[in-house]
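# Observations on the three-dimensional arrangement
So you can see what is in the structure, the chains are spelled out below.
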Amino acid sequence: YLTVGAMTEERTGGTLPGRTVPDGTAFVQAQDTDRFDAGLVARTPLEGLGTLALRASAMRQDHLHRFGAVVEDDRHNSLFAEASLAGESGATAWVAGAAFQSDGFRSETFPAFDYTYDVPGLFAQIEQQASPDLTLAASGRVDFHDTFGTQFSPRLSALYRPGRWTIRASFGQGFFAPTPFVDEIDAAGLSRLEPLGELEAETASTASLDIGYAKGPWEANLTLFGSNIDNATRLDAIAPDRLQLVNIEGITRLRGTEVLLRWRQDGFTVTGSY
């Protein structure tokens, strides 16, 4: 399966005609975007081995931002390729493969923020049907990041389905390579941000517990989740008009809950969530 796409868009915002910001001037906030992408998915059986799967994608996105008098001209590129082999043996299913991810950014206006991350990786997962109601899974991925070194991301999970209940628990670890594109910078641009400097990669340990129940037209689900993040990043003000992206010392903790209740009857669906 092959797909190719193209998109062009012009957005204009900022102050309305005849309106000003507090200093008495008009402020334009606009963005022109040109995007081109392509993707490939291929799958074929290999007798005696399993199923070979290939995935690949590429994207180029050109931006022209306007923040008042500041014009930012930049380009984002991404490239992804993956090959994997999957098979089954009795109650055991497995998959293993290799992948490559490349992300790049180039700014004609602020070249100090240019970067390219090239990340080859290896991954494997095994899933075991321990009983008719219980499925266990374990996976691991090793990424060889050209800037932030070797990163190992393991994950363990269990799925238990007794009767009308579904109970899923999982634990995993992962990492994120910092970039300048946090929400505040997306809204205000790069002109007030200091170059990133020697930032460290964010690493996180995550756990979740998901409990679901379904009977007749009713379906309910409760999710508990949490993350402990090392080297999380945030923006600090170092001057009235200057910001710096820094790593936070210690552990940043995230805890959350989600509740979902759904009723279906005669083609109608009513959903409530928190």
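These lines cover the structure that appears in this document, whether it is placed above or below. Within each chain, residues carry numbers counting from 1 in the order of the written sequence. Local features in this predicted model are restricted to residues of pLDDT 70 or higher, and side-chain atom pairs are both shown and tallied only at a pLDDT of 80 or more, whereas totals for entire chains, interfaces and linings draw on every residue. Remark: hydrogens and water are excluded; side-chain values derive from all non-hydrogen atoms of the structure.

### Focus: the packing of aromatic side chains
Any pair of Phe, Tyr and Trp rings, taking the six-membered ring for Trp, is counted once the centres come within 6.5 Å. Such a pair is stacked with planes under 30 degrees apart, edge-to-face with planes over 60 apart, and tilted for the rest. On inspection of all chains with the given rule, the structure shows 5 aromatic pairs. Ring centres 4.9 Å apart and planes at 75° place the aromatic pair F105 and F181 in the edge-to-face group. Of this pair, F105 sits in strand β5 (residues 92-107) while F181 sits in the loop between β9 (165-176) and α1 (183-188), placing them 76 residues apart in sequence. A simple rule labels every residue: compare its accessible area, found with a 1.4 Å probe on the protein chains alone, to the largest value its type can have, and call it buried under 20%, exposed over 50%, or partly exposed in between. Residue F105 is classed as buried on the basis of its relative accessible area, which comes to 0%. Centre to centre, the rings of Y115 and Y117 are 4.7 Å apart; their planes meet at 35°, and the pair counts as tilted. For the pair shown, Y115 and Y117 are each scored as buried. Joined through ring pairs, the aromatic side chains of F105, Y115, Y117, F148 and F181 make up one cluster. Strands are runs of DSSP state E lasting at least two residues, helices are runs of H or I lasting at least four, and both sets are numbered from the N terminus onward.

### What to know about the pattern of salt bridges
Here, a salt bridge means any Lys or Arg side-chain nitrogen found within 4 Å of an Asp or Glu carboxyl oxygen. Evaluation of the coordinates by the stated rule reveals 10 salt bridges. With a shortest N-O distance of 3.0 Å, E9 and R11 are connected by a salt bridge. Assessed through its relative accessible area of 28%, E9 is described here as partly exposed. Across the pair D32 and R66 runs a salt bridge whose closest N-O atoms are separated by 3.6 Å. A residue pair is termed long-range when its members are at least 10 positions apart, and D32 in strand β2 (residues 28-46) and R66 in strand β3 (residues 50-67) qualify at 34 residues. Overall, D32 belongs to the partly exposed group, its relative accessible area being 22%. Taken together, the salt bridges that share partners define one network made up of E219, R262 and R264.

### Considering the nonpolar core
Side-chain atoms within 4.5 Å link the members of a nonpolar core, which is a set of buried Ala, Val, Leu, Ile, Met, Phe, Trp, Tyr and Cys residues. In this structure, F105, F113, Y115, Y117, F148, A177, I185, L190, L193 and A201 together form the largest nonpolar core, which totals 10 residues. In this structure, L190 is in contact with E72, F105, F110, F113, P180 and I185, ignoring residues within four places of it in sequence. It only takes one pair of heavy atoms within 4.5 Å for two residues to be counted as in contact.

None of the figures reported here should be taken as evidence of function without further support.
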